[in-house]
Amino acid sequence: MSGAPPSSPGIFERALTVPRPRAGELALTEELGPRGRRSVLVSAIVSLGLVVMAGVWIYQRLGAPTRLYPKGQFEPALWEPFKHSETWHGLWNGLQQTLSAAAVGIICSLIIGVLMAALRHGTGRTPIALVLAGAAAVVLVLLGAAWLRGTNPIEAFTIKWWGYAMAGAIVALLVGLPRYMSTAYVEFFRACALVLLIASPFRFFGVQPWWSVVFGLTLYYSTTIAEVTRSALRSLPKGQTEAGLAVGLTPSQTMTMVLLPQAIRRALPNLLTQTASLLKDTSLGFIVTFSDLLSISQRLAKANDNYLPSLIVCAAIYITVIGIINFTANRLQRTQR
Amino acid sequence: MDLPPSNEALVQIRGVNKWFGQNHVLTDIDLDINRGEVVVVIGPSGSGKSTLCRCINRLETIQSGTITIDGVPLPAEGKELARLRADVGMVFQSFNLFAHKTILENVMLGPMKVRGVSKTDAEFQARALLERVGITAKADQYPAELSGGQQQRTAIARALAMKPKVMLFDEPTSALDPEMVNEVLDVMLQLAGLGMTMVVVTHEMGFARKAAQRVVFMDGGQLVEVAPPDQFFENPQTDRARGFLSKILPH
């Protein structure tokens, strides 16, 4: 009997079935049988129902009149401020601060992190050119940021002389003892609370808030990026190094031309997680009076006495931005393969 | 007068010893490899034959003895070592093509970054080499998209692109499916016919008979027997060689 092909699943059914692995992907799941499909369907419906119930309950609780908000927190009047352009202007300013600090922070973290990973993975002999190129790149990025922000870089970097002495000492030690120093750097700054790293430049060196946030984020996230990159380096087959050396590349050429490109590709999903996380952590800048998106939202909320609507708008902006990052990241990864 | 006399051996291995911890993997190795000669190294696994091969371009270090290539002792490090490695082609058991580069780029990388050849020249040369090993059609694909045999032929082209003085083959066919062994051996035979100096660690006795001028039999980290293939296979002089051959030769 020939007959029609088995009926293709409807939209609802398709949404509920475990996706089949794409070609080249390994999935732990096998295709479900009839009993499995039924239980997936039942549990999906039950949990969806629970989520809807929870949502309704939260909405009613928050919308219920209280002493502070006699008409509930979803009262249309509380959304009124979002009709005015000044509100959006303020939020836009905050978003700019958040995004610019995050962008400069992630660029510097990537440069320093990848460099640290390379030093720690290497032979123990310093690729001096690589270290100097990394340091120069970071300085250039910071100078560029100063220029874009219209701050006098000398003013922006008003670090006390011992701050410069410390930075110089770190570079010098990196050149002299690459493995120990990169390990020490990573272990030390990774163990520091991020709040402390953001607050210190502001408190002890008199650095301006935006710069303080960038320095703090860079110190911390360069260590997590170093570890992510290093684990990717370690996951590469030993044969890649040997092939590079056998062709006649020097160890540092092998690192930059053979190992790092592959390691960064492998680390990409983790690096993007770090990027999103860094972006959100700019909000810790409130401790150094940094006017980022969250602190501006809170200021607006206080002024307009509409905490819930303000924070919902603020959250929506964060979610949108991070959604855009994730989306482009996924696109990027797919085209890479 | 600085030129080494042309009858001097291209690779001279003298009194080489190597330990992995307590394990004495190479014991007093003496071996000369002449220009244009094909030397096949055979022996049971763990006999040190791969290690010996890897010592020649210093992927493994030795604890005593000397290795000289074209009159120059193996440098210990730095640019000199990299330059020497550029003159010694190596083909690995597991191919080790650069996974993030296309077949063509794999062959171009060394000449461009090590020899300073221009991109156009490197590409021209790479395409010619790929044609010689029979993979022209795959030039723009990535290693993962090729069969083992094709990858290994690419690896040979990559090594040849450096115009090496000597080629080392470290079990080049051991990781291949049986039907792909011959395509790689054919390329190697062709290379031997062109007068390339080759050191080949292999289990392919047919290749040893056809291409080798000398067969080196290793066991327990020692050179047990060095002889022309006919003599070695027909009339081995040592018990260890006889024992090994009786285990691997067809009944």
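See above for the structure.
Topic: the overall build of chain B
Helices and strands together make up the secondary structure of chain B, namely 9 helices and 10 strands. A compact globule built from 251 residues would reach a C-alpha radius of gyration of about 18 Å, and chain B, at 18 Å, matches this within 12%. By principal-axis analysis of the C-alpha atoms, chain B measures approximately 55 × 50 × 35 Å. Evaluated residue by residue, chain B yields a buried proportion of 54% over its 251 residues. Pairs at least 24 apart in sequence give 65% of the contacts found in chain B among residues at least 6 apart. When the accessible surface of chain B is totalled, it reaches about 11,200 Å², and 49% of it is carbon and sulfur. Positive and negative side-chain charges in chain B, numbering 26 and 29 respectively, have mean positions lying 4 Å apart.

Remarks on the state of the cysteines
All names here are of chain A. On inspection of all chains with the given rule, the structure shows 0 disulfides over all chains. In this structure Cys-108 is not part of a disulfide, and its nearest cysteine sulfur, from Cys-192, lies 18 Å away. Using a relative accessible area of 2% as the deciding quantity, one classes Cys-108 as buried.

A short note on the side chain of B:Thr154
Residues and elements named next belong to chain B. Along the chain, the position of Thr-154 falls in helix 5 (residues 148–160). Given a relative accessible area of 0%, Thr-154 falls into the buried group. Within the structure, the side chain of Thr-154 is placed 2.8 Å from the backbone oxygen of Gln-150, a separation counted as a polar contact.

With respect to the pattern of salt bridges
Scanning all chains against the criterion turns up 23 salt bridges over all chains. B:Glu123 is the salt-bridge partner of B:Arg127, the closest N and O atoms lying 3.0 Å from each other. Placement of the pair is B:Arg127 and B:Glu123 together in helix 4 (residues 119–133), with a separation of 4 residues, close to one helical turn. Among the ionic pairs, B:Arg209 bridges to B:Glu234, the shortest N-O distance being 3.1 Å. Here the residue B:Arg209 occupies a position in helix 7 (residues 205–211), and B:Glu234 occupies one in helix 8 (residues 229–234), the gap between them amounting to 25 residues. Overall, the relative accessible area of 38% leaves B:Arg209 in the partly exposed class. On the accessibility criterion, B:Glu234 (57% relative accessible area) is exposed. Connected through salt bridges with shared partners, the residues A:Arg120, A:Glu187, A:Arg190, A:Glu227 and A:Arg230 form a single ionic network.

As for the sheet that holds strand 2 (residues 23–33) of chain B
All names here are of chain B. If you walk across this open sheet you meet the 4 strands as 2-1-4-5, and the pairing is antiparallel. Single-partner strands in this sheet number two, and they are strand 2 and strand 5 (72–73). Examined bridge by bridge, strand 4 (residues 64–69) and strand 5 share 2 bridges and lie antiparallel to one another. Across the sheet, residue Thr-68 finds its bridge partner in strand 5, namely Pro-73.

Quick word on unusual backbone geometry
Residues and elements named next belong to chain B. Of note in the backbone geometry, Asn-96 takes a positive phi value of approximately 55° without being a glycine. Residue placement: Asn-96 occurs in the loop between strand 6 (88–91) and helix 3 (103–113). A relative accessible area of 8% means that Asn-96 is categorised as buried. The phi torsion at Glu-171 lies on the positive side, around 45°, for a residue other than glycine. The topology assignment puts Glu-171 in the loop between strand 7 (166–170) and helix 6 (178–193). Assessed through its relative accessible area of 11%, Glu-171 is described here as buried.

Re the interface of chain B and chain A
In this complex, chain B contributes 22 residues to the contact, which on the side of chain A involves 19 residues. Both faces combined, the contact of chain B with chain A buries some 1,700 Å², and carbon together with sulfur accounts for 64% of it. For the chain B face of the interface with chain A, the top three residues by lost area are B:Arg85, B:Phe98 and B:His100, together amounting to 31%. Scanning the region where chain B abuts chain A turns up 1 salt bridge. A:Glu242 is the salt-bridge partner of B:Arg54, the closest N and O atoms lying 2.6 Å from each other. The interface formed by chain B and chain A contains 5 residue pairs in polar contact (both at pLDDT 80 or more). Grouping the amino acids of the side of chain B that touches chain A by side-chain chemistry returns 12 nonpolar, 4 polar and 6 charged.

Topic: the sheet that holds strand 10 (residues 222–227) of chain B
Residues and elements named next belong to chain B. As summarised here, the arrangement of the 6 strands in space is 6-7-8-3-9-10, forming an open sheet in which the pairing is mixed. Looking at the sheet topology across the chains shown, the edges are occupied by strand 6 and strand 10. Averaged over all pairs of adjacent strands, the angle between strand axes in this sheet comes to 20°, irrespective of strand direction. Looking at chain direction, strand 9 (residues 214–219) and strand 10 are connected through 5 bridges and run antiparallel. Its bridge partner lying in strand 10, Asp-219 is registered against Gln-222. Taken strand by strand, helix 9 (residues 239–248) contacts strand 3 (38–42), strand 9 and strand 10, and its axis lies near 95° from that of strand 9.

So, the packing of aromatic side chains
With the rule as written, the count across this model stands at 11 aromatic pairs over all chains. Centroid distance A:Trp211 to A:Phe215: 6.3 Å. Interplanar angle 50°. Geometry classified as tilted. Here A:Trp211 pairs with A:Phe215, and both are found in helix 10 (residues 209–235), just 4 residues apart, close to one helical turn. Aromatic ring contacts, followed pair by pair, group B:Phe217, B:Phe232, B:Phe233 and B:Phe244 into a single cluster.

Each value, and the rule that gives it
Residues numbered from 1 in each chain as written. Chains lettered and ligands numbered in written order. Predicted model: local features only at pLDDT ≥ 70, side-chain atom pairs only at ≥ 80, totals over all residues. Heavy atoms only, no water. Helix = DSSP H or I, 4+ residues; strand = E, 2+ residues; numbered from the N terminus. Rg over C-alpha atoms; globule rule 2.2 N^0.38 Å. Buried < 20%, exposed > 50% of the residue type's maximum accessible area, 1.4 Å probe, protein only. Contact = heavy atoms within 4.5 Å. Areas by Shrake-Rupley, 256 points an atom, 1.4 Å probe, with all protein chains shown as cover. Lys, Arg positive; Asp, Glu negative; His and termini not counted. Charge placed at Lys NZ, Arg CZ, Asp CG, Glu CD. Disulfide = S-S within 2.5 Å. Polar contact = N/O pair within 3.5 Å; in protein donor to acceptor, adjacent residues only side chain to side chain. Salt bridge = Lys/Arg side-chain N within 4 Å of Asp/Glu carboxyl O. Pairing = 2+ DSSP bridges. Buried area = accessible area lost by both parts, 1.4 Å probe. Nonpolar A, V, L, I, M, F, W, Y, C, P; charged D, E, K, R; others polar. Axes fitted to C-alpha atoms, helices over the stretch in contact; angles between N-to-C directions. Phe/Tyr/Trp six-rings, centres within 6.5 Å; stacked < 30°, edge-to-face > 60°.

Honestly, that's just the spatial picture; any functional story needs more than this.
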